[in-house]
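# Close look at the chain arrangement
Now for the letters of each chain:
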Protein chains: 2
Amino acid sequence: MIRLSPTEENYLKAIFKLTEEAERPTATTNAIATEMNIAAASVTDMLRRLSEKELIHYEKYKGVRLEVSGRKIATALVRKHRLWEYFLVEKLKFEWDEVHDIAEELEHVRSDELVNRLDEYLGKPNFDPHGDPIPRADGTIPTRQLTPLSALKVGEHGILTGLQDHPDSLMRYLRKVNIGIGTKIQVLELHDFDESISIRIDDEKEMELSEKVSKNLLLKIS
Amino acid sequence: MIRLSPTEENYLKAIFKLTEEAERPTATTNAIATEMNIAAASVTDMLRRLSEKELIHYEKYKGVRLEVSGRKIATALVRKHRLWEYFLVEKLKFEWDEVHDIAEELEHVRSDELVNRLDEYLGKPNFDPHGDPIPRADGTIPTRQLTPLSALKVGEHGILTGLQDHPDSLMRYLRKVNIGIGTKIQVLELHDFDESISIRIDDEKEMELSEKVSKNLLLKIS
DNA sequence: TACAATTTTTAGACTGCTCTAAAAATATTT
DNA sequence: AAATATTTTTAGAGCAGTCTAAAAATTGTA
Ligand SMILES: [Mn+2]
Ligand SMILES: [Mn+2]
Ligand SMILES: [Mn+2]
Ligand SMILES: [Mn+2]
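These remarks concern the structure in this document. (Residues numbered from 1 in each chain as written. Chains lettered and ligands numbered in written order. Predicted model: local features only at pLDDT ≥ 70, side-chain atom pairs only at ≥ 80, totals over all residues. Heavy atoms only, no water.)

### Examining the coordination of the manganese ion (ligand 3)
Residues and elements named next belong to chain B. Coordination of the manganese ion (ligand 3) by the protein comes from His81 (NE2), Glu85 (OE) and His100 (ND1), over a distance range of 2.0 to 2.2 Å. One chain supplies every donor to the manganese ion (ligand 3), and in sequence these donors are spaced H-x3-E-x14-H. The metal-metal distance between the manganese ion (ligand 3) and the manganese ion (ligand 4) is 3.5 Å, with glutamate 85 coordinating both. Note that histidine 81 is positioned in helix H4 (residues 68-90) and histidine 100 in helix H5 (residues 100-106), a separation of 19 residues in sequence. Histidine 81 gets classed as buried once you look at its relative accessible area, which sits at 6%. Relative accessible area serves as the criterion here: at 36%, histidine 100 is assigned to the partly exposed category. (Donors = N, O, S within 2.8 Å, 3.2 Å for Na, K, Ca; no water. Helix = DSSP H or I, 4+ residues; strand = E, 2+ residues; numbered from the N terminus. Buried < 20%, exposed > 50% of the residue type's maximum accessible area, 1.4 Å probe, protein only.)

As structure tokens, then:
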């Protein structure tokens, strides 16, 4: 296996996120540039080089997708990232909105043995603190059937199991109102004026959620 | 506090090792180059830049030493390095000869909160798996009174508490013959032909050690 | 003290990754 | 289909960090 720089790894990860995780066939130069906060010209340059190394399939003006070798590296990175997030939350007691940036650095530490032992130490978890699946050593990815809270009808309920997107701002908000992975949420009322909804949390507190929030909460229906 | 690249951090760490840890007033360009496996010309270049940032005191041809700000960064790095080594051995069950290279990468992860929580999680250890002192958050460094095994007389004994140098080859050898930090060692015989010695390990097994090994074992006399 | 050996610095070049500005290609609208 | 807008690539440059070769300074020795 070739040794890539953290920078190259980050490009592969961005492409993975924009294709496989977004369920799109290819990623565009601009999308990668935006995702990585970088100029489009820099992306073009790197795509040429990653293509040279046969990690991606790239044709000028036609977008890009991962080759098998590139996907392998990307899933390994995502695996490391999410295992470290799990470690930070479960062992070091960080909050779920504090761990992403640290994991962003930890994911580039190179040692297969380290990942394996960490996985073992953590009890081979399948999902990270944000509910995202942790790719397995063989590259396969755990799946579940999740429904956005916004799609539920009055009276229905489920367990919060994942987030559509997870900006820190959303996670901080949820933390403040005591909603997290594992929280039971029941729909009490739908307000069709602004698509906001009234819910009951863990069979206790009632509160309102905006449409934007309810679309972001993914539930396992129970 | 300024943000340095991993490379700049590594230079500061090398200078720290060659001055404070080696109990020398200054480090030479060549010594740094050798320590870091890098050309002397590259070192000169970087010294100019670190000097510009007031992290080191450097005069052409006269060697270099750390400024207060540089020392602070260096001790923080050593602290992180050794805490991670402790984590790898105590929690992930790595052997003491397997952790240095991994810690070399982990030490560059930037998060004060991470170091603090790791320290807490590990029980604020004072020494790493090789017996080296772990600098505290305030920059002070735990000390002990240690004696090389080679300086002991027949009949004397002590507990192995540190190593003078610790190349992997030495650590693997010690592991194979069941000597590690905490092992009780008693001197049975001195062979003045080659300065080798006969010892008893943990009041059980007897064996011979070469002069080179016995000079490297630092004991707390008991 | 002068010559030789060693160490250190300078000069100049290269790679990886980034940028801005401009050109080219593609997509959208009229 | 032509004009316009958008996206992508190319061109050219800069910075950090590295190298080798050569020059300069320092140190050791005759
Ligand atoms: Mn994350
Ligand atoms: Mn996550
Ligand atoms: Mn080490
Ligand atoms: Mn150590």
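### Section: the sheet that holds strand E6 (residues 196-201) of chain B
Residues and elements named next belong to chain B. Strand order in the open sheet formed by 6 strands is E3-E8-E4-E5-E6-E7, with antiparallel pairing between adjacent strands. A single partner strand is all that each edge strand has here, and the edge strands are strand E3 (147-148) and strand E7 (206-209). Pairing of E6 with E7 involves 4 bridges; the strand directions are antiparallel. Looking across to E7, one finds that isoleucine 199 is bridged to methionine 207. (Pairing = 2+ DSSP bridges.)

### Considerations on the nonpolar core
Core analysis: the largest hydrophobic core is formed by 36 residues, its most contacted members being Trp84 and Leu88 of chain A together with Trp84 and Leu88 of chain B. The set of elements that each furnish at least two residues to this core consists of helix H4 (68-90), helix H5 (100-106) and helix H6 (112-122) of chain A together with H4, H5 and helix H6 (112-121) of chain B. Excluding its chain neighbours within four sequence positions, the residues that come into contact with leucine 88 of chain A are Lys93, Phe94, Val99, Ile102, Ala103 and Leu106 of chain A together with Leu114 of chain B. (Core = buried A, V, L, I, M, F, W, Y, C linked by side-chain atoms within 4.5 Å. Contact = heavy atoms within 4.5 Å.)

### Notes on the coordination of the manganese ion (ligand 4)
All names here are of chain B. For the manganese ion (ligand 4), the protein coordination sphere consists of Glu85 (OE), Asp128 (OD) and His130 (ND1), at 2.1 to 2.3 Å. Sequence spacing among the residues donating to the manganese ion (ligand 4) works out to E-x42-D-x1-H. Overall, the relative accessible area of 3% leaves histidine 130 in the buried class.

### Brief notes about the protein's contact with DNA strand D
Close to DNA strand D lie 20 residues; Tyr58 and Lys60 of chain A together with Ser5, Ser42 and Arg49 of chain B are nearest. One nitrogen or oxygen atom from the side chain of lysine 60 of chain A is found 2.5 Å from a phosphate oxygen belonging to DNA strand D. A distance of 2.8 Å is found between a phosphate oxygen of DNA strand D and a backbone nitrogen or oxygen belonging to alanine 39 of chain B. Listed by contribution, the elements that provide at least two residues to the surface near DNA strand D are helix H2 (29-36) and helix H3 (40-52) of chain A together with helix H1 (6-18) and helix H3 (40-52) of chain B. Among the elements that take part in the surface near DNA strand D, H3 of chain B stands out by supplying 5 residues, more than any other. The class makeup of the residues in the surface near DNA strand D is 10 nonpolar, 7 polar and 3 charged. (Near = heavy atom within 4 Å. Polar contact = N/O pair within 3.5 Å; in protein donor to acceptor, adjacent residues only side chain to side chain. Nonpolar A, V, L, I, M, F, W, Y, C, P; charged D, E, K, R; others polar.)

### A few points about the sheet that holds strand E7 (residues 206-209) of chain A
Strand pairing in a sheet is mediated by backbone hydrogen bonds. Such pairs are either parallel or antiparallel. Residues and elements named next belong to chain A. Strand order in the open sheet made by the 6 strands is E3-E8-E4-E5-E6-E7, with antiparallel pairing throughout. Each having just a single partner strand, strand E3 (147-148) and E7 make up the two edges of the open sheet. Of the pairings in the sheet, the one linking strand E5 (residues 184-191) to strand E6 (residues 196-201) comprises 6 bridges and is antiparallel in character. In the sheet register, valine 187 faces E6, and the bridge partner there is isoleucine 199.

### A word on the pairing of E6 of chain B
All names here are of chain B. Within E6, 5 of the 6 residues are buried, leaving the element largely enclosed by the surrounding structure. Here strand E5 (residues 184-191) folds back onto E6 in antiparallel fashion, the turn holding 4 residues, of which glutamate 195 has a positive phi close to 60°. The turn joining E6 and E7, which pair antiparallel and follow one another in sequence, is formed by 4 residues; a positive phi near 50° is taken by aspartate 202.

### Looking at the protein's contact with DNA strand C
Taken together, 20 residues form the shell around DNA strand C, and within it Ser5, Ser42 and Arg49 of chain A together with Tyr58 and Lys60 of chain B come nearest. A share of 83% of the atoms of DNA strand C within 4 Å of the protein falls on sugar and phosphate groups. Side-chain polar atom of threonine 29 of chain B to a phosphate oxygen of DNA strand C: 2.9 Å apart, as the coordinates give it. The contact in question runs from a phosphate oxygen of DNA strand C to an N or O atom on the side chain of lysine 60 of chain B, over 2.6 Å. With 5 residues, the top contributor of residues to the surface near DNA strand C is H3 of chain A.

### Considering a negative patch on the surface
Residues Glu189, Asp192, Asp194, Glu195 and Glu208 of chain A make up a contiguous surface patch of negative charge. When you line up the elements, aspartate 192 of chain A lands in the loop between E5 and E6. (Patch = residues over 30% accessible without salt bridge, like charges linked within 9 Å, V, L, I, M, F, W, Y side chains within 5 Å. Areas by Shrake-Rupley, 256 points an atom, 1.4 Å probe, with all protein chains shown as cover. Salt bridge = Lys/Arg side-chain N within 4 Å of Asp/Glu carboxyl O. Lys, Arg positive; Asp, Glu negative; His and termini not counted. Charge placed at Lys NZ, Arg CZ, Asp CG, Glu CD.)

### Remarks on the interface of chain A and chain B
Often the size quoted for an interface is simply the accessible area lost on bringing the parts together. Listed per partner, the contact involves 20 residues of chain A and 20 residues of chain B. Approximately 1,700 Å² of surface area, both sides summed, lies buried where chain A meets chain B, with 69% of it carried by carbon and sulfur atoms. Where chain A meets chain B, there are 0 salt bridges. At the boundary of chain A with chain B, the tally comes to 7 residue pairs in polar contact (both at pLDDT 80 or more). If you list the elements that add at least two residues to the side of chain A that touches chain B, you get H4, H5 and H6 of chain A. Per-element tally for the side of chain A that touches chain B: the top contributor is H6 of chain A, with 5 residues. Broken down by class, the residue content of the side of chain A that touches chain B amounts to 11 nonpolar, 2 polar and 7 charged. (Buried area = accessible area lost by both parts, 1.4 Å probe.)

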